[in-house]
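Fold and contact review
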Amino acid sequence: MRRLPALPAAGTYSPGSSVLHRSRAGWKLAGLGVLLLALVVAASVPAVLVGAAVAAVGYAVAGVGWRVALAQVWPLRWFAVVLVAVQWWLSGPQTAAVTVGSLVVAVALAGLVTVTTRVSAMLDVFERLVRPLGRLGVDPDRVALVLALAVRAVPVVAGLAGEVREAHRARGLPLHPRTVAVPLVVRTLREADAVGEALAARGLDDG
Amino acid sequence: MTSRIEVDGVSHRLGGRRVLDDVSVRLDEARIGVIGANGSGKSTFARLLNGLVVPDQGEVRVDGRSTASDGAAVRRAVGFVFTHPDAQIVMPTVAEDVALSLRRHRLDPAETSRRVQDVLARVGLSGFDDRPSHLLSGGEKQLLAVASVLVAEPAVLVCDEPTTLLDLANTRRVMSLLLGLRQQLVLVTHDLDCLDELDRVLVFDGGRIVVDAPPEQAVSAYRARVG
């Protein structure tokens, strides 16, 4: 059986000059919110199909290619299979289709926003949203920085997990939750220390 | 123009071990090297200079500002480049990571973009704007780490073994960039070949400065001590 070629990482910005790339991050996030709300309120097969069509047209307009589009929903595949089975068994085929369809469409639409929007543009939006809380002592810069670090943490921890798996394979050891978790947690904490020190050195932690 | 870095009677302990022992030195030269064995105290010394480490005893001042009482101002004046660029790179793309250093400067987007483009050109990463930062080569990552520090225009650049993880070609690329900067440079290194063009070299041993001399003399003295 032919394996699917390696997909790009989900949720990472894909450079381009489409109308979606050029649209303001705030408008895209607001549009995403409206579409997700409509999906939840309508909760029907036609709504899922309309949502899927909007996502498909959106990816075509963005011009990021089918591999980038598929990469956004591919990590859901096993979860979706299990969810379909459970929902079908508990509530029937229509509920299964609506629940799983809504989930996949929602992730695809969210992915469309992330692949066409720089992280820094999203941070600017969040910073503006949080700014009114400044009177209560919330530092908008710090909130934006925390969000940036959360985005960064996903590929970094995935990379560390990959290295731990490789180290097991190199030593001929079977993967065991304890022998994977301990080095992964230790290395993640060390990485967090190093990043904290680097942020302090760049003055990003100064008030 | 160089800054005046004053280290005055500094001692510091880490995990119960004395890593710096009554170090006093004044750094006025444009390019200063710091060498020594592992655990000799040179990296802790480097971290003192931009306030990443505040000493248990003594004081560090940069242009008269104490790292203990005016740490934020010192960090704006003294940039720091780490051995591992991965820890220093935060944002997913090259241009965004460089621009992150300017977030607190509250510049308008056009000025931010101009400064980012300018510094990327200076480090030889023009056209890398949208490249995923974590997929760059080791040398490119280190150049990005330097760019992310330089964009804030510090007066001093402290580099803690910036070439340790690099091959010969990338070591030359990074060193050529560092030596061409107008900033005052404090370079901690194990690579003795990088010291030739510096003005002064400090040799650390057991938490103390045991040699303070021009590069050739300092390297000879260091080799003699190592045996």
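Calculation criteria
Residues numbered from 1 in each chain as written. Chains lettered and ligands numbered in written order. Predicted model: local features only at pLDDT ≥ 70, side-chain atom pairs only at ≥ 80, totals over all residues. Helix = DSSP H or I, 4+ residues; strand = E, 2+ residues; numbered from the N terminus. Rg over C-alpha atoms; globule rule 2.2 N^0.38 Å. Buried ≥ 20, exposed ≤ 12 C-beta atoms within 10 Å, placed from the backbone. Contact = placed C-beta atoms within 7 Å. Nonpolar A, V, L, I, M, F, W, Y, C, P; charged D, E, K, R; others polar. Pairing = 2+ DSSP bridges. Axes fitted to C-alpha atoms, helices over the stretch in contact; angles between N-to-C directions. Expected span 1.5 Å × (residues − 1). Bend = angle between axes of the 7 residues up to and from the residue. Core = buried A, V, L, I, M, F, W, Y, C linked by C-beta atoms within 7 Å. Domains from an automatic or database assignment. Parallel < 35°, antiparallel > 145°, perpendicular 65-115°, else oblique. Left-handed = near helix turned anticlockwise from the far one by under 90°. pLDDT = per-residue confidence, 0-100.

Focus: the overall build of chain B
Of the regular secondary structure elements, chain B holds eight helices and ten strands. Relative to the compact-globule value of 17 Å for 227 residues, chain B shows a C-alpha radius of gyration of 17 Å, a close match. A principal-axis box enclosing the C-alpha atoms of chain B has dimensions of 50 × 40 × 35 Å. Here chain B holds 227 residues, and 49% of them are scored as buried. Long-range pairs, those at least 24 residues apart, make up 67% of the contacts in chain B with a sequence separation of at least 6.

Some thoughts on the interface of chain A and chain B
With 22 residues of chain A at the interface, the matching set in chain B holds 24 residues. Mapped by element, the contributors of at least two residues to the side of chain A that touches chain B are α7 (119-130), α8 (140-170) and α9 (177-201) of chain A. Tallying contributions element by element places α9 of chain A first for the side of chain A that touches chain B, with seven residues. Per-class residue counts for the side of chain A that touches chain B are twelve nonpolar, three polar and seven charged.

What to know about the sheet that holds strand β10 (residues 208-213) of chain B
Residue and element names in this part refer to chain B. An order of β6-β7-β8-β3-β9-β10 is seen for the six strands of this open sheet, with the pairing classed as mixed. Of all strands in the sheet, those with a lone pairing partner are β6 (78-81) and β10, marking the two edges. Looking at each pair of strands side by side, their axes are set apart by 20° on average, direction ignored. The pairing of strand β9 (residues 200-205) with β10 spans five bridges and is antiparallel. Paired with Phe-204 across the two strands is Ile-209, which belongs to β10. Packed onto the sheet, helix α6 (residues 138-150) meets β6 and β7 (156-160) and runs at close to 165° relative to β6.

Re α8 of chain A
Structural remark: α-helix, 3.6 residues per turn; residues separated by three or four positions point the same way. Residue and element names in this part refer to chain A. With 31 residues, α8 should reach 45 Å at 1.5 Å per residue; the first-to-last C-alpha distance of 45 Å fits that figure. Along α8, the helix axis deviates most sharply at Ala-153, where the bend reaches about 30°; the proline Pro-155 sits within four residues downstream. Those residues of α8 not exposed but buried are Ala-144, Leu-145 and Ala-148. Of the surrounding elements, those touching the buried residues of α8 are α7. Gly-172 lies just past α8 and shows a positive phi near 70°.

Some points on α6 of chain B
Residues and elements named next belong to chain B. In this model, α6 (13 residues) spans 18 Å end to end at C-alpha, consistent with the 18 Å of a helix rising 1.5 Å per residue. Within the span of α6, buried status applies to Gly-139, Glu-140, Lys-141, Gln-142, Leu-143, Leu-144, Ala-145, Val-146, Ala-147, Ser-148, Val-149 and Leu-150. The elements touched by buried residues of α6 are β6, α3 (85-88), α4 (94-100), α5 (109-122), β7 and α7 (168-179).

As for the environment of Ala-121 of chain B
Residues and elements named next belong to chain B. Turning to its location among the elements, Ala-121 is positioned in helix α5. What makes Ala-121 exposed here is the crowd of 12 C-beta atoms within 10 Å. For Ala-121 and Ala-147, which are 26 residues apart along the polypeptide, the C-alpha to C-alpha distance reads 9.3 Å.

Re the nonpolar core
Within the largest apolar cluster, 98 residues are counted, with the highest numbers of intra-cluster contacts made by Val-34, Val-98, Ala-147, Val-158, Val-186 and Leu-187 of chain B. There are two domains that each give this core at least three residues, and those are domain 1 (19-117) and domain 2 (133-201) of chain A. In this structure, Val-98 of chain B is in contact with Val-116, Val-119, Leu-120, Ala-147, Ser-148 and Val-151 of chain B, ignoring residues within four places of it in sequence.

So, the packing of helix α4 (residues 66-73) of chain A against helix α6 (residues 93-116) of chain A
Residue and element names in this part refer to chain A. Across the interface, α4 lies against α6 with an axial gap of 8 Å and an inter-helix angle of 125°. Overall, the two elements α4 and α6 adopt an arrangement that is oblique. The element α4 and its partner α6 pack so that their crossing is right-handed. In contact with Val-68, Gln-72 and Val-73 of α4, α6 contributes Val-104, Val-107, Ala-108, Gly-111 and Val-115. Residue composition of the contact of α4 with α6, grouped by class: six nonpolar, two polar and no charged.

Focus on the environment of Pro-140 of chain A
Residue and element names in this part refer to chain A. Within the secondary structure, Pro-140 sits in helix α8. For Pro-140, a count of 17 C-beta atoms within 10 Å puts it in the partly exposed group. Distance in space between the C-alpha atoms of Pro-140 and Leu-123 is 9.6 Å, their sequence separation being 17 residues. Sequence-distant contacts of Pro-140, defined by excluding residues within four places in its chain, comprise Glu-127, Val-130, Arg-131 and Gly-134.

Focus on the confidence of the model for chain A
Residues with a pLDDT of 70 or more make up 93% of chain A, whose mean pLDDT is 88. No element of chain A has a lower mean pLDDT than α8 of chain A, which averages 82, and none a higher one than helix α3 (residues 45-62) of chain A, which averages 96.

Examining the sheet that holds strand β5 (residues 65-66) of chain B
All names here are of chain B. Across the sheet, which stays open at both edges, the four strands sit in the order β2-β1-β4-β5 with antiparallel pairing between neighbours. What marks the edges here is a single partner per strand, and that holds for β2 (17-27) and β5. In terms of strand pairing, strand β1 (residues 5-14) meets strand β4 (residues 57-62) through five bridges, oriented antiparallel. Bridge assignment links Glu-6 to a residue of β4, and that residue is Arg-61.

Looking at the pairing of β4 of chain B
Two faces make up the sheet, and in a regular strand the side chains alternate between them. Residue and element names in this part refer to chain B. Sheet topology note: the β4/β5 ladder contains two bridges and is antiparallel. Residue Arg-61 lies in a different strand from β5, and its bridge partner there is Ser-66. Taking the residues that link successive antiparallel strands as the turn, the β4-β5 hairpin has two residues, and the phi of Asp-63 there is positive, at about 50°.

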